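Descriptive analysis of the structure
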Amino acid sequence: GKSFYQFRNAVCEPKQVGPQPNMLQWEDKPGAEGTVATLLQDVVVRHKFEECIDIPANHTYSVPYHMPPKQAKAYQAMERDAIALLDGGKIVSTVNAAGVMTKLLQIASGASYFDGLEGDDYASIDTSRYELVADLVDQSDHSVVFFNWTHQRDELIKEFKKRGITYAVIDGNTNDRARKDAVDMFQAGFYRVLLAHPQSAAHGLTLTKGTATIWASPTYNLEHFLQGNRRIYRAGQTEKTETIVIIAPGTVEEKVYAKLLEKDARQGSMLEFLKDMFNGQ
């Protein structure tokens, strides 16, 4: 029917993950993906991109970023505080838990925001992650670099200027005219880097001048990740491409990226069910 909750109750079962009654995690019932695929069969047509177009391969991999001692110390202090809050029963809502996770991700990515959320006011902890991004940029003629935080944009701009790397920015402050100009000039080879926020540039743009997509840190959003990677890996691309995700080992960034890949695998599993049905398997 039209009710999400009825659908969830039909295909998932609750698992208690905390002391409060509402602390539930909904997990697929055995065989749920196959059942849903059957129900979708008559309304779905699937065409795999690589089977419809001749395009050089795309290689996806992660690059480790090892936090310097000062940054690692700040991260570990925040992690201890989070564990203390959790043990004390103070983190009792997804909102509070998300706030703690956000803070850990920010520190791992190089800064601490004064209000705990993304904004203009932050204290920079370390900038060596952005030196690593610039090193990766130097290995390709043209790249698309995605950032998640204000400080990442600011620090990357500083590093690009220091190295004489030409760039354009697309984010929430970019108007339609400036956005079009940035894309056109990147495609013409005027800019070596298109520095973009995934919410503003992950959909619709053709950036086939680029041969590398670099994520300065992992994102939670699977749609942004998949669509962002398709800006260079799309019709018209004549070169081999790569997707690079920078991850700090031993931090929540590893968990975020693992969760992202799990979501992608689950989505891919559903599509494979449908493909098999269409092929009569």
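Residues numbered from 1 in each chain as written. Predicted model: local features only at pLDDT ≥ 70, side-chain atom pairs only at ≥ 80, totals over all residues. Heavy atoms only, no water.

Let us now look at the confidence of the model for the chain. The predicted model of the chain has a mean per-residue pLDDT of 87, with 88% of residues at 70 or higher. Counting interchain partners and residues more than four positions distant, the pLDDT-below-50 stretch residues 91-95 has seven contacts. (pLDDT = per-residue confidence, 0-100. Contact = heavy atoms within 4.5 Å.)

Let us look at the sheet that holds strand β6 (residues 143-146). Backbone hydrogen bonds are what pair the strands of a sheet, in a parallel or an antiparallel way. A sheet is described by the order of its strands in space; here six strands give the open sequence β3-β10-β9-β6-β8-β7, paired in parallel fashion. The outermost strands of the open sheet, each flanked by one partner alone, are β3 (58-64) and β7 (167-170). Here the average twist between neighbouring strands, direction ignored, is 20°. The pairing of β6 with strand β9 (residues 212-215) spans four bridges and is classified as parallel. What sits directly across from Val145, in β9, is Ile214. Against the sheet, helix α8 (residues 176-187) contacts β6, β7 and β8 (193-196), and its axis sits at roughly 145° relative to β7. (Pairing = 2+ DSSP bridges. Helix = DSSP H or I, 4+ residues; strand = E, 2+ residues; numbered from the N terminus. Axes fitted to C-alpha atoms, helices over the stretch in contact; angles between N-to-C directions.)

Quick look at the packing of aromatic side chains now. Summed over the entire model, instances satisfying the criterion amount to nine aromatic pairs. Both rings, one in Tyr113 and one in Trp149, keep their centres 6.4 Å apart while their planes meet at 40°; by these two values the pair is tilted. Highlighted residues: Tyr113 in strand β4 (residues 111-113) and Trp149 in the loop between β6 and α7 (150-163), separated in sequence by 36 residues. Here the two residues Tyr113 and Trp149 agree in accessibility, since each one is buried. (Phe/Tyr/Trp six-rings, centres within 6.5 Å; stacked < 30°, edge-to-face > 60°. Buried < 20%, exposed > 50% of the residue type's maximum accessible area, 1.4 Å probe, protein only.)

What follows concerns the nonpolar core. Soluble globular proteins tend to pack their nonpolar side chains together in the buried interior. One finds Val133, Val137, Val145, Leu156, Phe160 and Ile214 to be the most contacted residues of the largest nonpolar core, which totals 38 residues. Of all the secondary-structure elements, those providing two or more residues to this core are α4 (69-87), α5 (94-109), β4, α6 (128-137), α7, β8, β10 (241-247) and α11 (252-278). Residue contributions to this core peak at six residues, all from α6. Counting residues in each nonpolar core, the second largest holds 21 residues, with Ile170, Leu194, Trp215 and Tyr257 among its members. (Core = buried A, V, L, I, M, F, W, Y, C linked by side-chain atoms within 4.5 Å.)

Further remarks concern a nonpolar patch on the surface. A cluster of nonpolar side chains, Phe4, Tyr5 and Phe7, forms an exposed patch at the surface whose accessible area comes to about 360 Å². One can find Phe7 in helix α1 (residues 4-11). On the accessibility criterion, Phe7 (43% relative accessible area) is partly exposed. (Patch = residues over 30% accessible without salt bridge, like charges linked within 9 Å, V, L, I, M, F, W, Y side chains within 5 Å. Areas by Shrake-Rupley, 256 points an atom, 1.4 Å probe, with all protein chains shown as cover. Salt bridge = Lys/Arg side-chain N within 4 Å of Asp/Glu carboxyl O.)

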